[in-house]
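Here is what each chain is made of, one letter per residue.
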Amino acid sequence: MQTTNVKFQQNLYKFTIPSDIKGERVLDVLRNGNMWESKMMKMMQDILRKDDIAIDVGAYVGTHSVIMSSCCKQVHSIEPQPFIYKCLIQNVNRKNVKTYNRCAYNTDGEEKIFMATNNGRASLQDYRPRLQKATKVTTKTITIDSLNLSPRLIKIDTEGSELAVLEGAEKTVRKHRPYIIIESWKKNYEKINSWRKRFGYEEPISLKCDNYLLKPRTFVIIDDDEDTDDEVEGEMILVNPQ
């Protein structure tokens with residue numbers, strides 16, 4: 001491990017990161033003293049308020065969690081890679097961050113094979129079975145619904161399994177209508193788009209690099225028929241995502 005100082009909005013943050021991984025874009029940016037996805041960080045700051053709760057799924061070394069924790073009441077950070085998790089708990093060593101060495105999914109407590117790489121390309125074996133230079137580790141799953149939280153913001157970066165994460169958050173989404181920042185590859189985009197229609201979210205706003213912001217509608221129609229993308233049929237509810 002090594003430490004690096006990162007400047008963001010006139011503040012200096014110290015992060016512990018892997019020292020033996022070269023050519024990984026996120027780590028290279030941090031080593032150069034810059035914040036990864038700084039525009040996304042600023043958007044998170046605009047969304048979150050001091051009494052809010054945020055969930056960071058695929059927290060990696062904790063850059064997003066650290067920034068979110070500085071502007072909201074509580075952050076819950078989920079990261080399955082054992083070595084990266086050690087970096088995470090050092091970086092988010094603050095009272096308002098709770099960490100989970102689990103894999104967010106649509107089932108709770110199931111054992112899954114995770115392809116750990118110690119970089120940002122790690123994923124469940126189901127989604128990247130031939131991931132090069134990966135170590136197979138057994139990890140237990142966790143659902144967002146099982147956390148029983150009332151988040152204002154959920155950030156999801158899970159390298160292909162984002163739909164499964166959303167499926168494990170549907171009760172939370174129905175009840176609390178959080179903003180969602182999600183990474184989705186092109187091949188998964190239509191599935192994510194169908195999901196957001198069914199759960200009453202506006203058209204995805206592109207944040208570049210396959211990241212999207214999903215904003216909850218004020219008037220929402222929940223379609224319980226999974227076989228259709230029809231946004232007219234279903235139960236209408238009124239929410240107020242201020």
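Preceding this paragraph is the structure being described.
Residues numbered from 1 in each chain as written. Predicted model: local features only at pLDDT ≥ 70, side-chain atom pairs only at ≥ 80, totals over all residues. Heavy atoms only, no water.

Let us now look at helix α4 (residues 82-91). The complete set of buried residues in α4 reads I84, Y85, C87, L88 and N91. An end-on view of α4 places all buried positions within 160° of arc, on one side of the element. Where α4 is buried, its residues meet β2 (11-17), α3 (63-69), β4 (74-78) and β5 (97-100). (Buried < 20%, exposed > 50% of the residue type's maximum accessible area, 1.4 Å probe, protein only. Helix = DSSP H or I, 4+ residues; strand = E, 2+ residues; numbered from the N terminus. Arc of directions from axis to C-beta. Contact = heavy atoms within 4.5 Å.)

Here we take up the sheet that holds strand β9 (residues 135-142). Spatially, four strands are ordered β6-β9-β7-β8 in an open sheet, and the strand pairing comes out mixed. Here the strands that pair on one side only, and so sit at the sheet edges, are β6 (103-104) and β8 (123-124). As defined by bridge partners, strand β7 (residues 111-116) adjoins β8 across two bridges and the pair is classed as antiparallel. If you follow M115 over to β8, its bridge partner there is S123. (Pairing = 2+ DSSP bridges.)

Attention now goes to the side chain of S184. Examined against the element boundaries, S184 turns out to sit in the loop between β11 (179-183) and α7 (186-198). In this structure S184 comes out as buried when scored by relative accessible area, which is 1%. Excluding anything up to four places from it in sequence, S184 contacts E162, Y189, I192, D210 and Y212.

Looking at the secondary structure, you find T141 in strand β9. Excluding its chain neighbours within four sequence positions, the residues that come into contact with T141 are R102, C103, Y105, T107, D108, G109, E110 and K112.

Moving on to the nonpolar core. Core analysis: the largest hydrophobic core is formed by 36 residues, its most contacted members being Y13, F15, M35, L48, V61, M68 and L153. At the level of secondary structure, the elements contributing two or more residues to this core comprise β1 (2-8), β2, α1 (25-31), α2 (38-47), α3, α4 and β11. Counting residues in hydrophobic clusters, the runner-up holds 24 residues, among them I55, I154, I192 and L214. (Core = buried A, V, L, I, M, F, W, Y, C linked by side-chain atoms within 4.5 Å.)

A few words now on the sheet that holds β4. The seven strands are arranged β5-β4-β3-β10-β11-β13-β12 in an open sheet whose pairing can be described as mixed. This sheet does not close on itself; its edge strands, each paired only once, are β5 and β12 (205-208). Each strand axis lies, on average, 15° off the axis of its neighbour in the sheet, ignoring direction. Strand direction decides the pairing type here: β12 and strand β13 (residues 211-214), joined by three bridges, are antiparallel. Residue pairing across strands places K208 opposite N211, the latter belonging to β13. (Axes fitted to C-alpha atoms, helices over the stretch in contact; angles between N-to-C directions.)

These figures come from the coordinates and say nothing about function on their own.
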